[in-house]
Amino acid sequence: MRDIFLPALLPLIATSAPADPLVQIRDLNFAYDSRSILSGINITIPRGKVVAIMGPSGCGKTTTLRLIGGQLRPTSGEVRVAGQVVHECDDDGLYLLRRRMGMLFQFGALFTDMSVYDNVAFQMREHTNLPEELIHDLVLMKLHAVGLRGAYKLMPAELSGGMARRVALARAIALDPMLIMYDEPFAGLDPISLSIIGELIRTLNDALGASSIVVTHDVHESLKIVDYIYFVSEGKIVAEGTAEEIKESQAPYVHQFVWGEADGPVPFQYPARPYGEEMMEQPSKPRRWWS
Amino acid sequence: MSRMQQILRQIGHQVTERLWRLGFASRFLLMTVLYSGTALKRFHLTIREIYFTGVLSLIIILVSGMFVGMVLGLQGYDTLQRYGSSEALGVLVALSLVRELGPVVAALLFASRAGSAITAEIGLMKATEQLSAMEMMAVSPIARVVAPRFWAGVISMPMLAALFSAMGVLGGYLVGVKLIGVDEGAFWSQMQAAVDFRQDIMNGVIKSFVFGVLVSWIAVFEGYDADPTAEGVSRATTRTVVTSSLAILAADFVLTAFMFRGI
Ligand SMILES: Nc1ncnc2c1ncn2[C@@H]1O[C@H](COP(=O)(O)OP(=O)(O)OP(=O)(O)O)[C@@H](O)[C@H]1O
Ligand SMILES: [Mg+2]
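Residues numbered from 1 in each chain as written. Chains lettered and ligands numbered in written order. Predicted model: local features only at pLDDT ≥ 70, side-chain atom pairs only at ≥ 80, totals over all residues. Heavy atoms only, no water.

Asks: Can you walk me through the overall build of chain A in this structure?
Replies: Scanning chain A from N- to C-terminus turns up 11 helices and 10 strands. Counting only contacts in chain A whose residues sit at least 6 apart along the sequence, the fraction spanning at least 24 positions is 64%. Just so you have it, chain A exposes about 15600 Å², and 57% of that area is on carbon and sulfur atoms. (Helix = DSSP H or I, 4+ residues; strand = E, 2+ residues; numbered from the N terminus. Contact = heavy atoms within 4.5 Å. Areas by Shrake-Rupley, 256 points an atom, 1.4 Å probe, with all protein chains shown as cover.)

Asks: Mind showing me how you'd approach the overall build of chain B here?
Replies: Tallying secondary structure elements over chain B gives 10 helices and 0 strands in all. Ordered by position from the N terminus, the helices and strands of chain B form the series α-α-α-α-α-α-α-α-α-α. Dimensions of chain B along its principal axes, counting C-alpha atoms only, are 65 × 60 × 30 Å. Counting every position in chain B, which comprises 263 residues, the buried fraction comes to 45%. Surface summary for chain B: the accessible area is close to 13300 Å², and the carbon and sulfur share equals 69%. The positive charge centre, built from 20 side chains, and the negative charge centre, built from 17, are 7 Å apart in chain B. (Buried < 20%, exposed > 50% of the residue type's maximum accessible area, 1.4 Å probe, protein only. Lys, Arg positive; Asp, Glu negative; His and termini not counted. Charge placed at Lys NZ, Arg CZ, Asp CG, Glu CD.)

Asks: Just to check I follow, could you spell out the side chain of Thr63(A) for this structure?
Replies: Take Thr63(A): it is sitting in helix α2 (residues 61–68). Residue classification places Thr63(A) among the buried residues on the basis of a relative accessible area of 10%.

Asks: Explain the coordination of the magnesium ion (ligand 2) to me, please; I cannot follow it from the model alone.
Replies: Between any two of four tetrahedral donors, the ideal angle at the metal is 109.5 degrees; between two of six octahedral donors, it is 90 or 180 degrees. Residues and elements named next belong to chain A. The protein atoms that coordinate the magnesium ion (ligand 2) are Thr62 (OG1) and Gln106 (OE1), at distances of 1.9 to 2.3 Å. Residue Thr62 is found in helix α2, and its partner Gln106 is found in the loop between β6 (101–104) and α4 (116–127); the two are separated by 44 residues along the sequence. Given a relative accessible area of 23%, Thr62 falls into the partly exposed group. (Donors = N, O, S within 2.8 Å, 3.2 Å for Na, K, Ca; no water.)

Asks: Honestly, the pairing of strand β1 (residues 23–32) of chain A in this entry has me stumped. Any pointers?
Replies: Along a regular strand, successive side chains alternate from one face of the sheet to the other. All names here are of chain A. As defined by bridge partners, β1 adjoins strand β2 (residues 35–45) across 7 bridges and the pair is classed as antiparallel. Pairing of Ala31 across the sheet is with Ser36, part of β2. The sheet contact formed by β1 and strand β4 (residues 76–81) spans 5 bridges and is antiparallel. Paired with Gln24 across the bridge in β4 is Arg80. (Pairing = 2+ DSSP bridges.)

Asks: Is there a simple way to explain the packing of aromatic side chains in this structure?
Replies: Each aromatic ring pair is specified by the distance between its two centres and by the angle formed by the two planes. In this structure the tally under the stated criterion is 13 aromatic pairs over all chains. Relative to Trp188(B), the ring of Phe187(B) has its centre 5.1 Å away and its plane inclined at 90°; by these criteria the two rings are edge-to-face. Taking the relative accessible area as the measure of exposure, Phe187(B) reaches 0% and is therefore buried. Three or more aromatic residues joined by ring pairs make a cluster, and in this case those are Trp20(B), Phe24(B), Phe28(B), Phe221(B) and Tyr224(B). Taking the ring centre of Phe111(A) as reference, the NZ or CZ of Arg171(A) above it sits at 4.7 Å. (Phe/Tyr/Trp six-rings, centres within 6.5 Å; stacked < 30°, edge-to-face > 60°. Lys NZ or Arg CZ within 6 Å of the ring centre and 35° of its normal.)

Asks: Would you take a moment to explain the confidence of the model for chain A for this structure?
Replies: This prediction gives chain A a mean pLDDT of 83; 89% of its residues lie at or above 70. Low pLDDT, under 50, characterises residues 1–17 of chain A; the predicted model gives this stretch 3 contacts beyond four residues in sequence or across chains. (pLDDT = per-residue confidence, 0-100.)

Asks: Honestly, the site of ligand 1 in this entry has me stumped. Any pointers?
Replies: Residues and elements named next belong to chain A. By nearness alone, 14 residues border ligand 1, and Ser57, Lys61, Thr62, Thr63 and Gln106 come closest of all. At a separation of 2.5 Å, an oxygen atom of ligand 1 approaches a polar side-chain atom of Ser57. Between ligand 1 and the protein, one listed contact pairs an oxygen atom with a side-chain N or O atom of Thr63 at 2.5 Å. Protein contact buries 66% of the 640 Å² of open area that ligand 1 shows by itself. (Near = heavy atom within 4 Å. Polar contact = N/O pair within 3.5 Å; in protein donor to acceptor, adjacent residues only side chain to side chain.)

Asks: Explanation requested: helix α5 (residues 89–127) of chain B in the structure shown.
Replies: At Leu97(B), α5(B) shows its strongest bend, of approximately 55°. Note on α5(B): the residue one or two positions beyond its end, Glu129(B), has a positive phi of about 65°. (Bend = angle between axes of the 7 residues up to and from the residue.)

Asks: Explanation requested: the interface of chain A and chain B in the structure shown.
Replies: Interfaces are often sized by the amount of accessible area the parts lose when they come together. At the junction of the two partners, chain A supplies 24 residues and chain B supplies 20 residues. Between chain A and chain B, a total of about 1900 Å² is buried, with carbon and sulfur atoms accounting for 54% of that surface. Applying the counting rule to chain A against chain B returns 4 salt bridges. Of the charged contacts in the structure, one is a salt bridge between Arg48(B) and Asp113(A), with a shortest N-O distance of 3.9 Å. At the junction of chain A with chain B, the criterion picks out 8 residue pairs in polar contact (both at pLDDT 80 or more). Listed by contribution, the elements that provide at least two residues to the side of chain A that touches chain B are α3 (91–98), β6 and α4 of chain A. (Buried area = accessible area lost by both parts, 1.4 Å probe. Salt bridge = Lys/Arg side-chain N within 4 Å of Asp/Glu carboxyl O.)

Asks: When you look at unusual backbone geometry in this model, what are you seeing that I'm missing?
Replies: Keep in mind that most residues, glycine aside, have a negative phi and that most peptide bonds are trans. With a phi angle near 50°, Asp33(A) is a residue other than glycine that sits in the positive phi range. Exposure remark for Asp33(A): the relative accessible area of 82% places this residue in the exposed category. Even without glycine at this site, Ala138(B) takes up a positive phi of about 65°. Relative to the elements of secondary structure, Ala138(B) occurs in the loop between α6 (130–136) and α7 (141–180).

Asks: Whenever I open this one, the side chain of Thr64(A) confuses me. Can you help?
Replies: Residues and elements named next belong to chain A. As for its position among the elements, Thr64 is in helix α2. For Thr64, a relative accessible area of 3% gives the class buried. Those residues in contact with Thr64 that lie beyond four places of it in its chain are Ile25, Leu38 and Ile53.

Asks: Looking at this structure, I do not really get the environment of Pro191(A). What am I missing?
Replies: Residues and elements named next belong to chain A. Positionally, Pro191 belongs in helix α7 (residues 191–208). The class of Pro191 is exposed, set by a relative accessible area of 67%. C-alpha of Pro191 to C-alpha of Tyr253: the two residues are 62 residues apart in sequence and 26 Å apart in space.

Asks: What is the right way to look at the pairing of strand β3 (residues 50–54) of chain A in this model?
Replies: All names here are of chain A. Of all 5 residues in β3, 5 are buried; the element is thus mostly enclosed. Here β3 shows no split at all, with Val50, Ala52 and Met54 on one side and Val51 and Ile53 on the other all buried. Examined bridge by bridge, β3 and strand β9 (residues 228–233) share 4 bridges and lie parallel to one another. Considered in β9, the bridge of Met54 is made with Phe231.

Asks: Would you explain the sheet that holds β9(A) in this entry?
Replies: To summarise the sheet geometry, strands pair through backbone hydrogen bonds and adopt either a parallel or an antiparallel arrangement. All names here are of chain A. Pairing is mixed across the open sheet formed by 6 strands, whose spatial order is β6-β7-β8-β3-β9-β10. Of all strands in the sheet, those with a lone pairing partner are β6 and β10 (236–242), marking the two edges. On average, each strand axis in the sheet is tilted by 15° relative to the strand beside it, whichever way the strands run. Here helix α10 (residues 252–259) sits on the sheet in contact with β3, β9 and β10, set at roughly 100° to β9. (Axes fitted to C-alpha atoms, helices over the stretch in contact; angles between N-to-C directions.)

Here you go:
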């Protein structure tokens, strides 16, 4: 009896147990055309935790977030969110999943034809039947959290870069999602807003019972707030650990990144042929207007 | 021989690429229609776009209509008076406007005034990741951004064409009757007698509706399909104006051929 039933029950137990991670990335590979961007990525985001993904520019962090959000399809491997394989969802399934995700885009991506207020209210109006009075209170609350309640009437074109990013943050958390993804939340912020936003990410995560992924270059700020850190370099995970482990770590990648050293295993250069070889070559002709 | 082959290959490539794009655009149109629920249920979204595409095109449409009508008055009188039938000026002005010039010229103006704006707007939204952001918020950009703009164009076009024709008739009247001195009673009564509601007016409305669908479809598709760069958006805008002008004129020929009754 037991032998027959246990295997059939196992998947049910595995997906419904609250202890299973919210996001599980397994052996993920991704390539744009033929250029491989991510190879063999394994990342686990446990429920209720804040996880950072760090790595040099161009290593594939934004790409990873887009794969989690289902905007790109993996070449192989899979991303599971709340037990569902993202790239196997149909359109409706994907949209249902995305309703419970919030994403802060690297460049804000505010709707330029709407005011700050309408940007934050957008999802509430699209996905809920809340009365306008309630939406009003919610929007001002979210804007207050990022310190921009006074700016609710402005249009995105009237905001500075850092302000736009904070509005985008307020918009990302508008519907209290279960998974919040922040793409570079600290870029372009002054030290004061930076630590306030850092605190905010942590508090929001704990207050909402959500899980968060923070993509960032800012080692010191993120070490203060995150539970676990992945280091990505050239599309691979090169180191991982809790904030304490990372601080103590002597691994060369981590050391170089944490201390911002120019020399080390993390390359600053985009992959290229040897410098000397490139210098000897004739420059490619500039493109003419008639070509 | 190899040069010949090269040319043939290039032609083949061009043709398949165009066909592929046409198929893609048709699928896009189908999607837009299927996802039109939001645009029609929350009609204020469409009304807002009608303001941007239709209402803001009013000035250029009205002024152009007036001028075209005035020119028709001058040229028509010049020809008609040689045959001693200058009272038929009203008929000439009204028929040319309602059947041909109203729908066609208004659509051409609409393509360059509103179509290009729609393409540029959607293209820029794509380039600045606003469409991606919308997708990540589980809102379909086709339902929320594309469909309202499409329907706004389809709804505005016949009204703009009608206003164009009305202004044209007014222009013809001013020049013919007030300036040149054609008999006012003959001008209006002959016009009333000669213009048929079904054969002339309805056919004109059908034309402008078809042009509205064409222009709006091309404009939203080019915007959605634009390369997400400054250059890509500017190319897409140009393509909208060129493609929709050609499409309007070609469709006009086909429609006129079908509506033609001989004598
Ligand atoms: N649309 C695209 N087509 C082709 N290649 C792309 C595209 N988008 C990104 N890439 C490439 O994918 C790689 C990873 O890009 P990604 O945006 O994920 O980097 P990132 O880690 O977010 O960098 P940054 O910290 O600078 O934002 C880059 O080398 C880039 O050249
Ligand atoms: Mg990035």
